[in-house]
Amino acid sequence: MAGRQYSISEGKEISISEFFEKNRHILGFDSPQKALYMIVKEALDNSLDACEEHQIIPEIKVRVLKAENEEFEVTIEDNGPGIDRKEVPKVFGQLLYGSRFHSFKQSRGQQGIGITAAVLFGQITTGKDSLIRTRKKGDEVAYDFRLGINIKENRAKIAEEKPAMWDKEHGTIVTIFSKGKYQTGKQSIFEYLKETATVNPNMDLIFEDPDGKTYHFKRVIERPSVPARPIKPYPVGLEPGEILALAHETPATSVATFLSGDFSRISRNSAEEICRIAGIEMNRKPADLSLAEIKAIRQAVGSISILPPSSDCLSPLGEEFIRKGLRNIYDDLHPSFYSKPVKRATSTYNGNPVSVEVGLVFGGDLPQDEPVRIVRYANKVPLLYQPGACATTRAVSEIDWRSYGLDQRNGAGVPFGPMILFIHVFGIRIPYTSESKEAIAPVTEISEEIKAALKTAGRSIKSFLNKREKRKKISEKFRLVSTILPEISEKAASITGEGNIPIESVLSKVANVIFITEETAPSDEGLDVRAVVHNFTSSPRSFTLIADPPVGDLVGSPEFEISDLAPAANVSFTFKIKVEAGRYPGTDYYFRGIDPVYINGAEPLPADWNIEKINVEEVADGAE
């Protein structure tokens, strides 16, 4: 059979919209369940990015309503800066418009695809246009749009545009009609909103689900997030083709000014040294550089010492946001320990700054016999899908958690225990495994940073478990000293026929230590805690005792002064802790002003004690 002959003229160019129409699974729209999730995700990420960039404390409403057959109406409303009416068709109707790909700073969205892809998917599956209402601050009215996408030309198709009265000073509402399937569970819209609220504790979020239930995630921080600031490209790690493209686009008239002006962390002196090492005349025009010369420049950059990239281009969550966010969302599990969040120094991957933050929640009502829960984030966005392909999960699995007190078979794999691991990878151009941005590629540089942060957090859980075990041993030792020795004295007296022998001096000689113990009793506000200091040494002792409960809030001052406590004497201090009795693991006690060899039941005061303690308002998720 003769084969058909094809000619070049049969080839046909397609638009980016046509490509994603046929390949929507690439963007994550690969099942009815994920479709609704992706629409909410893309719209919410845009809202949070806009609020952060304009320093607005976000107020967001999400509503998912069941329409007809398998159709849903998804609405996201925010109090962001609003969108210029001329920009609305491009933002919602043109794929790749507004892309932050060339902006050298961290952001949730990078490609300018997400929300437009959601509009496109809704149009494909229902044939209906999307509805947008937006108002910029200072505008007299809002503007309503009903639009779709001209797929052949990758541009918006405006069906209606009109002014509208709106009582909000600024903000945007997006409504997309789409086929889908609403589900609950670990990979649901509710779980995504819950984890988003964890890393945005300054967000007030109301969610209405298809069953008519309303959930309110209340803010616990009254200030906007710190935005990332764009910087110039960092030269280390850039590929020759990238440098060559920049050389052809630069307005600089010489190689020296190109290097010092178009890249971060390269001074004029550094630029001259690079030119010298590469054997290139400093006054050459950048556009005249050959590929071989570009490679020589790249090699020279790697041979000199330059500063790490500026962290201004990154927007970490920070200790306050992580701790308050975790407590706000997971406090109903009554954890007994929240670790101090760990943040790694900024490193680079292919010239792109990147860093890692890790938090840890332990104990309480978390299951003892299940794998540790890993909560993954990239640039403040929850990652709910493809955990097995993600660098975060692999990093957790490659650490031997047995050395930190957790159960782990053969020292590999996800450990078992009552713990939540919070991992946030943030940077410029995070290497995802696909365009749907569901998992971070296991790049060596990033994986090693994740493991280093996890090991630091692991040491904190080991310290907590050691303290808990030490408290048990101290209690037992104190019981032996204070109970058994008096009984021995009574037995000896009955045998010898003499009176009871005073044992205070004997106790001091046997123990030669200061015991710190505590007793608790329930009260209206939580617990009354009585800390008792027993001086079983041979000399009067003076020092300062500091109480630091790992959960709950201590009422009053945490510091207590012990002055000239006589041998065999004791003194007690009472304070209140606002906490449920069933979740109280015991207070951590610290001291200063005395040799640590004499103290049993407290630790020397850490050097970083001046870090401000965070007071957390407890907020429960539930129906309004």
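As a starting point, this report considers the structure included with it. This one's a predicted model, so the numbers in the text were calculated from it and none came from an experiment.

So, the packing of aromatic side chains
Part 1: Tallied over the full model, the rule gives 13 aromatic pairs.
Part 2: Each ring, one from Tyr377 and one from Phe422, has its centre 5.1 Å from the other, and the planes form 40°; the classification is tilted. Within this pair, whereas Tyr377 is found in strand β13 (residues 373-378), its partner Phe422 is found in strand β15 (residues 419-427), the two being separated by 45 residues in sequence. Exposure class is identical for Tyr377 and Phe422. Each is buried.
Part 3: Taken together, the ring pairs in this structure connect Phe190, Phe207, Tyr215 and Phe217 into an aromatic cluster.
Part 4: In this arrangement the basic side chain of Arg409 is found over the ring face of Phe416, its NZ or CZ atom lying 4.5 Å from the centre.

Some thoughts on the pattern of salt bridges
Part 1: The full count for this structure, using the stated rule, is 30 salt bridges.
Part 2: Glu59 is paired through a salt bridge with Arg219; the nearest N and O atoms lie 4.0 Å apart. Placement of Glu59 in strand β1 (residues 59-66) and of Arg219 in the loop between β8 (214-217) and α6 (240-249) is noted, with a sequence separation of 160 residues between them.
Part 3: When its relative accessible area of 15% is taken as the criterion, Arg219 is described as buried.
Part 4: By sharing partners, the salt bridges in this structure join Asp129, Arg146, Glu160 and Lys162 into a single network.

A closer look at the environment of Met203
Part 1: By secondary structure assignment, the location of Met203 is in the loop between α5 (189-199) and β7 (204-208).
Part 2: Given a relative accessible area of 1%, Met203 falls into the buried group.
Part 3: Put simply, Met203 and Ile60 are 143 residues apart on the chain and 7.4 Å apart in space, counted from C-alpha to C-alpha.

What about unusual backbone geometry?
Part 1: A positive phi angle, close to 55°, is found at Gln55, a residue other than glycine.
Part 2: Summarising the element assignment, Gln55 is placed in the loop between α2 (32-53) and β1.
Part 3: The exposure class of Gln55 is partly exposed, given its relative accessible area of 37%.

Looking at the nonpolar core
The nonpolar side chains of soluble globular proteins are, as a tendency, buried together.
Part 1: Grouped together as the largest cluster of nonpolar side chains are 62 residues, with contacts concentrated most on Val64, Ile189 and Leu193.
Part 2: At nine residues, the largest contribution of residues to this core is made by α2.
Part 3: Formed jointly, this core draws a minimum of three residues from each of two domains, domain 1 (5-183 + 204-217) and domain 3 (319-455).
Part 4: The residues touching Leu193, leaving out its near neighbours within four places in the chain, are Val40, Leu44, Val62, Leu205, Phe207 and Phe217.
Part 5: Counting residues in hydrophobic clusters, the runner-up holds 38 residues, among them Ala378, Tyr404, Val443 and Ala457.

What to know about the pairing of strand β12 (residues 352-362)
Part 1: Judged by how many residues are buried, β12 sits mostly within the fold: eleven of eleven residues are covered.
Part 2: The two faces of β12 match: Asn352, Val354, Val356, Val358, Leu360 and Phe362 on one face and Pro353, Ser355, Glu357, Gly359 and Val361 on the other face are all buried.
Part 3: The pairing of strand β9 (residues 337-338) with β12 spans two bridges and is antiparallel. Across the sheet, Phe337 pairs through a bridge with Phe362, a residue of β12.
Part 4: Relative to β12, strand β10 (residues 342-343) runs antiparallel, the two being bridged by two bridges. By the bridge assignment, Val342 is partnered in β12 with Val358.

A look at the environment of Ile151
Part 1: Examined against the element boundaries, Ile151 turns out to sit in the loop between β4 (142-150) and β5 (155-164).
Part 2: Residues Ile151 and Gly93 lie 58 residues apart in sequence; the distance between their C-alpha atoms is 9.2 Å.

Some remarks on the packing of α2 against helix α4 (residues 114-126)
Part 1: For the pair α2 and α4, interaxial distance at closest approach is 8 Å and the crossing angle is 145°. α4 is crossed by α2, and the crossing has left-handed handedness. Contact residues: α2 offers Ala35, Ile39, Glu42, Ala43 and Asn46, while α4 offers Gly114, Ile115, Ala118 and Phe121.
Part 2: Grouping the constituent residues of the contact of α2 with α4 by class yields six nonpolar, two polar and one charged.

Remarks on the sheet that holds strand β17 (residues 526-536)
Part 1: Taken in spatial order, the five strands make up an open sheet running β19-β21-β17-β16-β23, and their pairing is mixed. Pairing within the sheet leaves two strands with one partner each, and these edge strands are β19 (553-555) and β23 (599-600).
Part 2: Judged from the two bridges that link them, strand β16 (residues 513-523) and β23 form a sheet pairing that is parallel. Within the sheet, the bridge partner assigned to Ile514 lies in β23 and is Ile599.

Section: α4
Part 1: Here α4 contains 13 residues, and its C-alpha end-to-end distance of 18 Å stays within 8% of the 18 Å for a straight helix at 1.5 Å per residue.
Part 2: In terms of residue burial, α4 counts as a mostly covered element, since twelve of its 13 residues are buried.
Part 3: Every buried residue of α4 is accounted for by Gly114, Ile115, Thr116, Ala117, Ala118, Val119, Leu120, Phe121, Gly122, Gln123, Thr125 and Thr126.
Part 4: Positive backbone phi, at 75°, marks Gly127, one or two positions downstream of α4.

What about the sheet that holds β7?
Part 1: Within the open sheet, the eight strands sit side by side as β5-β4-β3-β6-β2-β1-β7-β8. Their pairing is mixed. Lying at the two open borders of the sheet, with one neighbouring strand each, are β5 and β8. With strand direction ignored, the average angle separating the axes of adjacent strands in the sheet is 15°.
Part 2: Of the pairings in the sheet, the one linking strand β2 (residues 71-78) to strand β6 (residues 171-179) comprises eight bridges and is antiparallel in character. By the bridge assignment, Glu73 is partnered in β6 with Phe177.
Part 3: Its contacts with the sheet put α2 on β1, β2 and β6, and the angle it makes with β2 is roughly 10°.
Part 4: Across the sheet, α4 lies against β2, β3 (130-135), β4 and β6, angled at about 35° from β6, the strand it touches most.

Here's the deal with the packing of helix α8 (residues 268-278) against helix α9 (residues 291-303)
Part 1: The interhelical angle for the contact between α8 and α9, taken along N-to-C directions, is 120°, at an axis separation of 8 Å. Taken together, the axes of α8 and α9 lie oblique to each other. By crossing handedness, the relation of α8 to α9 is classed as right-handed. The segment α8 lies against α9, with Ile274, Ile277 and Ala278 engaging Ala296, Ile297, Ala300, Val301 and Ser303.
Part 2: Per-class residue counts for the contact of α8 with α9 are seven nonpolar, one polar and no charged.

Remarks on the side chain of Thr175
Part 1: Positionally, Thr175 belongs in strand β6.
Part 2: At 3.0 Å, the side chain of Thr175 forms a polar contact with the side chain of Thr75.
Part 3: Ignoring sequence-local partners within four residues, the contact set of Thr175 consists of Glu73, Val74, Thr75, Ser130 and Leu131.

Parameters and conventions
Residues numbered from 1 in each chain as written. Predicted model: local features only at pLDDT ≥ 70, side-chain atom pairs only at ≥ 80, totals over all residues. Heavy atoms only, no water. Phe/Tyr/Trp six-rings, centres within 6.5 Å; stacked < 30°, edge-to-face > 60°. Helix = DSSP H or I, 4+ residues; strand = E, 2+ residues; numbered from the N terminus. Buried < 20%, exposed > 50% of the residue type's maximum accessible area, 1.4 Å probe, protein only. Lys NZ or Arg CZ within 6 Å of the ring centre and 35° of its normal. Salt bridge = Lys/Arg side-chain N within 4 Å of Asp/Glu carboxyl O. Core = buried A, V, L, I, M, F, W, Y, C linked by side-chain atoms within 4.5 Å. Domains from an automatic or database assignment. Contact = heavy atoms within 4.5 Å. Pairing = 2+ DSSP bridges. Axes fitted to C-alpha atoms, helices over the stretch in contact; angles between N-to-C directions. Left-handed = near helix turned anticlockwise from the far one by under 90°. Nonpolar A, V, L, I, M, F, W, Y, C, P; charged D, E, K, R; others polar. Expected span 1.5 Å × (residues − 1). Parallel < 35°, antiparallel > 145°, perpendicular 65-115°, else oblique. Polar contact = N/O pair within 3.5 Å; in protein donor to acceptor, adjacent residues only side chain to side chain.

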